[in-house]
Amino acid sequence: MYDAAGMEMLDRAECLRLLSTVKVGRVVAGGRIRPVNFAVHGDFLLIRTVSGPTLAAMLRSAVEFEADQLLDGPHRGWSVIVSGRAEEITDPRALAAYPWTEPWTPNPRDRYVRVSIDDISGRRIRPPATGDVSRPAHWRRQSVFDADFF
């Protein structure tokens, strides 16, 4: 299924699969946007972070998270957005049960946060195949070079 802009709308399973192919996303909490490394584990995102205002905001309000990947070639890539609630994991047995990622920065990341994946949506863009009638009319062109992209 495609939206009005010609973007493919992704189901939950495909969104989770795509998220598992990248290691860095952006968390939005309390008006702050920060890049974080993460892992997908079942219906949760696992994030290692540090103490500070972003962690505090994550723990007291809803969390938004976004990850994407731009692919080689024109007009190709995807984006996934997650909404959920964060909780800090401190119990050593619980910490050992999850596949935490190694920090992507040289600084230590000693706080562990699990974000529930309460809502997830994704879009993918790729050039249409010639004659693809399942996409909106502005995507059905002879060539990607004469299409009206964004």
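Looking at the nonpolar core
Next, step 1: Residues Leu 19, Met 58 and Phe 65 are the most contacted members of the largest nonpolar core, which totals 26 residues.
Next, step 2: With four residues, helix α1 (residues 12-19) is the largest single contributor of residues to this core.
Next, step 3: For Phe 65, the contacting residues outside a window of four places in its chain are Leu 19, Gly 25, Arg 26, Val 27, Val 36, Phe 38, Leu 45, Val 80, Ile 81 and Val 82.
Next, step 4: Ranked by size, the runner-up nonpolar core spans six residues in total, among them Leu 46, Tyr 98, Trp 100 and Tyr 112.

Quick notes on the pattern of salt bridges
Next, step 1: On inspection of all chains with the given rule, the structure shows ten salt bridges.
Next, step 2: Measuring nitrogen to oxygen at the nearest pair gives 3.0 Å for the salt bridge that ties Arg 124 to Glu 8. You can see Arg 124 sitting in strand β9 (residues 119-125) and its partner Glu 8 sitting in strand β1 (residues 8-10), a full 116 residues away along the chain. The two residues Arg 124 and Glu 8 agree in class, both being buried.

A closer look at the layout of surface pockets
Next, step 1: One number sums up the size of the largest pocket: a volume of about 180 Å³.
Next, step 2: As for the largest pocket, its lining consists of 14 residues, of which Arg 34, Pro 35, Val 36, Thr 49 and Arg 109 are closest to the centre.
Next, step 3: At the level of elements, β3 (32-41), β4 (44-49) and α2 (53-60) are the ones that each hand at least two residues to the lining of the largest pocket.
Next, step 4: Partitioning the lining of the largest pocket into residue classes produces seven nonpolar, four polar and three charged.

Side note on the packing of aromatic side chains
Next, step 1: Within the structure shown, the criterion is met by three aromatic pairs.
Next, step 2: Ring geometry for Phe 38 and Phe 65: centres 4.8 Å apart, planes at 70 degrees, overall edge-to-face. With Phe 38 in strand β3 and Phe 65 in strand β5 (residues 63-70), the pair connects residues that are 27 residues apart, well separated along the chain. With respect to class, Phe 38 is no different from Phe 65; both count as buried.
Next, step 3: Summarising the aromatic geometry, the rings of Tyr 98 and Trp 100 are spaced 5.8 Å apart at their centres and angled 75 degrees between planes, so their arrangement reads as edge-to-face.
Next, step 4: Among the residues examined, Tyr 98 registers a relative accessible area of 16% and is labelled buried.
Next, step 5: We classify Trp 100 as buried; its relative accessible area is 16%.
Next, step 6: One Lys or Arg, Arg 114, reaches over the ring of Phe 44 and ends 4.4 Å from the middle of that ring.

Procedures and definitions
- Residues numbered from 1 in each chain as written.
- Predicted model: local features only at pLDDT ≥ 70, side-chain atom pairs only at ≥ 80, totals over all residues.
- Heavy atoms only, no water.
- Core = buried A, V, L, I, M, F, W, Y, C linked by side-chain atoms within 4.5 Å.
- Buried < 20%, exposed > 50% of the residue type's maximum accessible area, 1.4 Å probe, protein only.
- Helix = DSSP H or I, 4+ residues; strand = E, 2+ residues; numbered from the N terminus.
- Contact = heavy atoms within 4.5 Å.
- Salt bridge = Lys/Arg side-chain N within 4 Å of Asp/Glu carboxyl O.
- 1 Å grid on protein atoms, 1.4 Å probe; cavity = no way out; pocket = protein on both sides within 12 Å on 5 of 7 lines; lining within 4 Å.
- Points joined across faces, edges and corners; volume = space filled by probe spheres on them.
- Nonpolar A, V, L, I, M, F, W, Y, C, P; charged D, E, K, R; others polar.
- Phe/Tyr/Trp six-rings, centres within 6.5 Å; stacked < 30°, edge-to-face > 60°.
- Lys NZ or Arg CZ within 6 Å of the ring centre and 35° of its normal.

Spatial relationships are all this shows, so hold off on functional conclusions.
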